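# Survey of secondary and tertiary structure
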Amino acid sequence: MANIRHNLTINASVKQVYDAITMEDGLKGWWTSQTTAKPEEGSINHFKFGDEYFNKMKISKLNSPSEVYWECVDGDKEWIGTNLSFELEEKEGITFLKFSHLNWAEESEFFGFCNHHWGRFLDSLKALCETGEGQPFAE
């Protein structure tokens with residue numbers, strides 16, 4: 001199995017970062033503007049990237065404000081069955097984020113592409129939380 005991992009610091013409260021990862025408006029602000037999401041365990045969040053690409057994430061665990069776990073249940077075949085986690089810890093007003101996208105079948109070309117884009121979108125999350133403006137995917 002192949003795994004993507006990114007760690008970063010965000011100069012914002014853990015609650016602010018948690019809300020950006022779980023609330024529809026937050027997700028629209030850093031990942032994709034075409035988001036339908038509900039912050040409830042068991043719900044399916046739908047993320048669209050233009051007319052052809054999408055993924056659906058089942059929220060498998062929410063532990064406010066420190067953990068968010070998703071399972072990809074539909075979308076690109078390489079993503080289906082993968083698991084994503086956002087683990088948050090706040091120290092002196094700074095949030096430490098450990099992001100993981102786990103259980104890829106292999107380190108394919110698409111895996112490398114996604115690894116790059118996760119870094120970009122996590123920088124967008126950081127910008128949203130620190131400045132109020134992220135750089136989500138938009139058509």
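Everything here concerns the structure above.
All values derive from a computational prediction rather than experimental measurement.

Rules behind the numbers
- Numbering of residues begins from 1 in every chain and follows the order in which that chain's sequence is written.
- Restriction of local features to residues with pLDDT of at least 70 applies here, the model being predicted, together with a cutoff of 80 or more for giving and counting side-chain atom pairs; totals for whole chains, interfaces and linings are based on all residues.
- With hydrogens and water excluded, all non-hydrogen atoms of the structure serve as input to the side-chain values.
- Between Lys or Arg on one side and Asp or Glu on the other, a salt bridge is scored when a side-chain nitrogen of the former is within 4 Å of a carboxyl oxygen of the latter.
- A run of H or I in DSSP becomes a helix once it reaches four residues, and a run of E becomes a strand once it reaches two; helices and strands are each numbered from the N terminus.
- Exposed residues in this analysis have more than 50% of their type's maximum accessible area, buried residues have under 20%, and partly exposed residues fall in between, with area computed by a 1.4 Å probe over protein chains only.
- In this description, the term disulfide denotes a pair of cysteine sulfurs within 2.5 Å.
- When DSSP locates at least two bridges between a pair of strands, those strands are taken to pair.
- Side-chain rings of Phe, Tyr and Trp, where Trp is taken by its six-membered ring, are said to pair if the distance between their centres is within 6.5 Å; with planes under 30 degrees apart they count as stacked, over 60 as edge-to-face, and otherwise as tilted.
- Over a ring means this: the NZ of a Lys or the CZ of an Arg is within 6 Å of the ring centre and within 35 degrees of the ring normal.

## Topic: the pattern of salt bridges
- Tallied over the full model, the rule gives five salt bridges.
- The residue Asp19 makes a salt bridge to Lys15 at a minimum N-O spacing of 2.7 Å. Taken as a pair, Asp19 and Lys15 lie in helix H1 (residues 14–22) at a separation of four residues, close to a single helical turn.
- One salt bridge connects Glu67 with Lys61, and the closest N-O pair in it is separated by 3.3 Å.
- Residue class for Lys61 comes out partly exposed when judged on its relative accessible area of 35%.

## Considerations on the state of the cysteines
- On inspection of all chains with the given rule, the structure shows zero disulfides.
- No disulfide involves Cys72; its sulfur sits 10 Å from that of Cys114, the nearest cysteine.

## Some remarks on the pairing of strand S4 (residues 53–63)
- Where strand S3 (residues 44–49) meets S4, six bridges bridge the pair, whose relative direction is antiparallel. Opposite Phe49, over in S4, you have Tyr53 as the bridge partner.
- Where S3 folds back onto S4 in an antiparallel hairpin, the turn is made up of three residues, including Gly50, whose phi is positive at roughly 80 degrees.
- Connecting S4 to the antiparallel partner strand S5 (residues 67–75) that follows it, the hairpin turn spans three residues.

## Quick notes on the packing of aromatic side chains
- Applying the stated criterion across every chain yields a total of 19 aromatic pairs.
- Ring geometry for Phe99 against Trp118: centres 4.5 Å apart, planes inclined by 45 degrees, an arrangement best described as tilted. In this pair, Phe99 is assigned in strand S7 (residues 94–104) and Trp118 in helix H3 (residues 109–131), connecting sequence segments 19 residues apart.
- Pairing Phe110 with Phe113 gives two aromatic rings, centres 6.1 Å apart and planes at 20 degrees, and the pair type is stacked. Of the two residues, Phe110 and Phe113 both sit in helix H3, three residues apart, roughly one turn of that helix.
- Geometry around Phe96 places Lys91 over its ring, the cationic atom sitting 5.4 Å from the centre.

Without other data, these values stay purely geometric and don't point to any function.
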